[in-house]
Amino acid sequence: MALLRALFLALLAGAHAELPGCKIRVTSKALELVKQEGLRFLEQELENITIPDLRGREGHFYYNISEVKVTELQLTSSELHFQPEQELTLQITNASLGLRFRRQLLYWFLKVYDFLSTFITSGMRFLLNQQICPVLYHAGMVLLNSLLDTVPVRSSVDELVGIDYSLLKDPVASSNLDMEFRGAFFPLAEGNWSLPNQAVEPQLQEEERMVYVAFSEFFFDSAMESYFRAGALQLSLVGDEVPHDLDMLLRASYFGSIVLLSPTVIDSPLKLELRVTAPPRCTIKPSGTTIAVTASVTIAMVPPNQPEVQLSSMIMDARLSAKMALRGKALRTQLDLRRFRIYSNQSALESLALIPLQAPLKAMLQIGVMPMLNERTWRGVQIPLPEGINFVREVVTNHAGFLTIGADLHFAKGLREVIEKNRPANARDAQAPSAPPASTPASTAAV
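Predicted, not measured: the structure shown is a model, and the values here were computed from it.

K.L.:
Please explain the overall build of the chain as it appears in this structure.
P.N.:
Per the secondary structure count, the chain includes nine helices and 19 strands. In the chain, 70% of the contacts between residues at least 6 apart in sequence involve partners at least 24 apart. Counting every atom, the chain has about 24,700 Å² of accessible surface; 55% of that belongs to carbon and sulfur.

Here you go:
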């Protein structure tokens with residue numbers, strides 16, 4: 001009985017587990033780049049440490065060592081790798097550094113050079129250990145965390161829509177680092193709204209590139225539904241905004257209706273309104289990505305200071321192809337109108353009468369509407385990467401229900417530049433904190 005109850009609870013928990021809309025895999029190939037940039041930053045941090053003066057007395061020996069400066073630092077042997085339960089481990093061995101300092105020595109006996117050398121070396125090693133460990137701890141726990149704080153979690157995309165990249169569970173470290181994100185858009189006016197994720201869960205199997213990002217159909221569906229709920233998927237063209245050739249064709253097509261309904265408005269401005277009637281839906285297949293859109297098309301005359309006169313209302317079905325690309329750290333989309341048809345929801349006879357309008361309306365969409373859509377979609381949406389790191393040499397692969405993008409990484413800015421920009425204000429002028437207590441995991445260094 002207890003076993004059945006445990007099984008039932010496990011199934012219940014699995015049924016309510018939220019599926020990710022976005023997954024990211026960082027492979028071991030990325031670690032060499034990250035290690036080199038990270039070690040360069042650590043070297044700069046260590047070269048700027050302040051070492052206190054060393055002065056005192058040992059029997060008849062008096063000493064004063066001051067103005068100690070690190071002139072050279074070499075981290076000749078290091079290894080960065082993913083490790084289960086610790087995520088990322090950096091090991092540094094055989095580090096060496098050069099020092100410059102002033103010394104003042106006073107002693108009563110001759111032939112004490114070996115003693116002095118050993119004494120000074122031991123003293124400097126003690127001082128350096130007292131300074132280096134806190135610097136490493138501060139760099140790893142405070143400064144590098146300020147870099148991670150630049151990763152967008154829940155942010156606005158534009159004035160209408162935001163995106164939520166919350167982690168759904170702890171990252172899984174093996175030979176790679178795998179992360180699962182909510183990957184959901186939302187209208188800013190409805191911050192608590194969310195679209196239920198019923199799409200196929202994206203999968204990541206590849207390891208050849210530095211980073212892989214996977215997006216499910218849910219990722220794109222939530223974006224389109226958010227814009228739909230925000231009222232952005234509608235367009236109204238009045239008067240001179242309607243292309244001239246289309247204006248002439250519409251007036252000729254509906255001349256009889258204009259004369260019958262209201263002949264006095266025959267010279268009034270023409271109005272063409274497109275309004276998406278339901279949230280568009282994305283379909284991802286190995287052959288490509290398509291977006292299905294259904295909209296109402298209303299044609300009316302708009303006489304000045306009078307109610308508008310509706311001439312026709314029709315339904316438009318469109319299929320758009322979508323090509324995805326990563327540029328910098330933004331996911332960009334290029335849309336192309338592939339299929340288009342209009343029909344009347346009133347009668348089949350009226351649908352036949354609309355056939356002459358099909359080609360000019362499609363041309364109007366391609367010339368007037370698609371560039372506006374692509375101007376917005378090509379701006380893209382940011383992928384959760386720290387500031388200063390970009391994607392390069394990307395490869396897009398479509399699967400059934402999701403797509404993956406493999407890419408390499410490029411540091412567009414130096415790690416120090418990004419960290420200095422985002423360094424906590426109270427840490428800019430503060431001294432490095434003391435080393436962590438023995439119970440806290442931390443990096444160690446031997447000099």
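Picking up after the structure, the text goes on.
K.L.:
Teacher, can you tell me more about the pairing of strand E9 (residues 184-187) here?
P.N.:
Walk down a regular strand and you will see the side chains alternate between the two sheet faces. Of the two faces of E9, the one holding Ala184 and Phe186 and the one holding Phe185 and Pro187 are both buried throughout. Both strand E6 (residues 161-164) and E9 contribute to a ladder of four bridges, which runs antiparallel. When the bridges of E9 are listed, isoleucine 163 appears paired with phenylalanine 185.

K.L.:
How do you make sense of the sheet that holds strand E7 (residues 172-173) when you look at a structure like this?
P.N.:
Strand-to-strand pairing in sheets goes through backbone hydrogen bonds, with the strands running parallel or antiparallel. Taken together, the six strands give an open sheet; going across it, the order is E7-E8-E1-E10-E19-E18, and neighbouring strands pair in antiparallel fashion. Lying at the two open borders of the sheet, with one neighbouring strand each, are E7 and strand E18 (389-398).

K.L.:
Help me understand the pattern of salt bridges in this model?
P.N.:
A side chain with one charge may pair with a side chain of the opposite charge, provided their charged atoms come close. Applying the stated criterion across every chain yields a total of 20 salt bridges. Measuring nitrogen to oxygen at the nearest pair gives 2.7 Å for the salt bridge that ties arginine 182 to glutamate 18. Linking arginine 182 in the loop between strand E8 (177-181) and E9 with glutamate 18 in the loop between helix H1 (2-16) and strand E1 (22-26), this pair joins segments that are 164 residues apart in sequence. Judged by its relative accessible area of 42%, glutamate 18 is partly exposed. Here glutamate 180 makes a salt bridge to lysine 23, at a shortest N to O gap of 3.8 Å. Taken as a pair, glutamate 180 in strand E8 and lysine 23 in strand E1 lie far apart in primary sequence, 157 residues in all. The two residues glutamate 180 and lysine 23 agree in class, both being buried. Three or more residues are tied together by salt bridges with common partners; here these are Glu18, Arg154, Asp164 and Arg182.

K.L.:
How do you make sense of the sheet that holds E9 when you look at a structure like this?
P.N.:
Reading across the sheet, the three strands line up as E5-E6-E9 and stay open at both edges, with antiparallel pairing between neighbours. In the strand order of this sheet, the two ends are held by strand E5 (154-156) and E9, each with one partner. Strand-to-strand, the axes of this sheet are offset by a mean angle of 25°, without reference to chain direction. Sitting on the sheet, helix H4 (residues 217-229) touches E6 and E9, and the angle it makes with E9 is about 5°.

K.L.:
What is the right way to look at a nonpolar patch on the surface in this model?
P.N.:
On the surface, a nonpolar cluster with roughly 350 Å² of combined accessible area is contributed by Leu349, Leu352 and Ile355. Within the fold, leucine 349 resides in helix H7 (residues 348-353). Judged by relative accessible area, which is 67%, leucine 349 ranks as exposed.

K.L.:
Would you mind going over H4 with me for this structure?
P.N.:
Residues that lie three or four places apart on an α-helix share one face, since the helix turns once every 3.6 residues. Look at H4: 18 Å from first C-alpha to last across 13 residues, which is about the 18 Å you get at 1.5 Å a residue. One or two positions beyond H4, positive phi appears at glycine 231, with a value near 80°.

Rules used throughout
Residues numbered from 1 in each chain as written. Predicted model: local features only at pLDDT ≥ 70, side-chain atom pairs only at ≥ 80, totals over all residues. Heavy atoms only, no water. Helix = DSSP H or I, 4+ residues; strand = E, 2+ residues; numbered from the N terminus. Contact = heavy atoms within 4.5 Å. Areas by Shrake-Rupley, 256 points an atom, 1.4 Å probe, with all protein chains shown as cover. Buried < 20%, exposed > 50% of the residue type's maximum accessible area, 1.4 Å probe, protein only. Pairing = 2+ DSSP bridges. Salt bridge = Lys/Arg side-chain N within 4 Å of Asp/Glu carboxyl O. Axes fitted to C-alpha atoms, helices over the stretch in contact; angles between N-to-C directions. Patch = residues over 30% accessible without salt bridge, like charges linked within 9 Å, V, L, I, M, F, W, Y side chains within 5 Å. Expected span 1.5 Å × (residues − 1).

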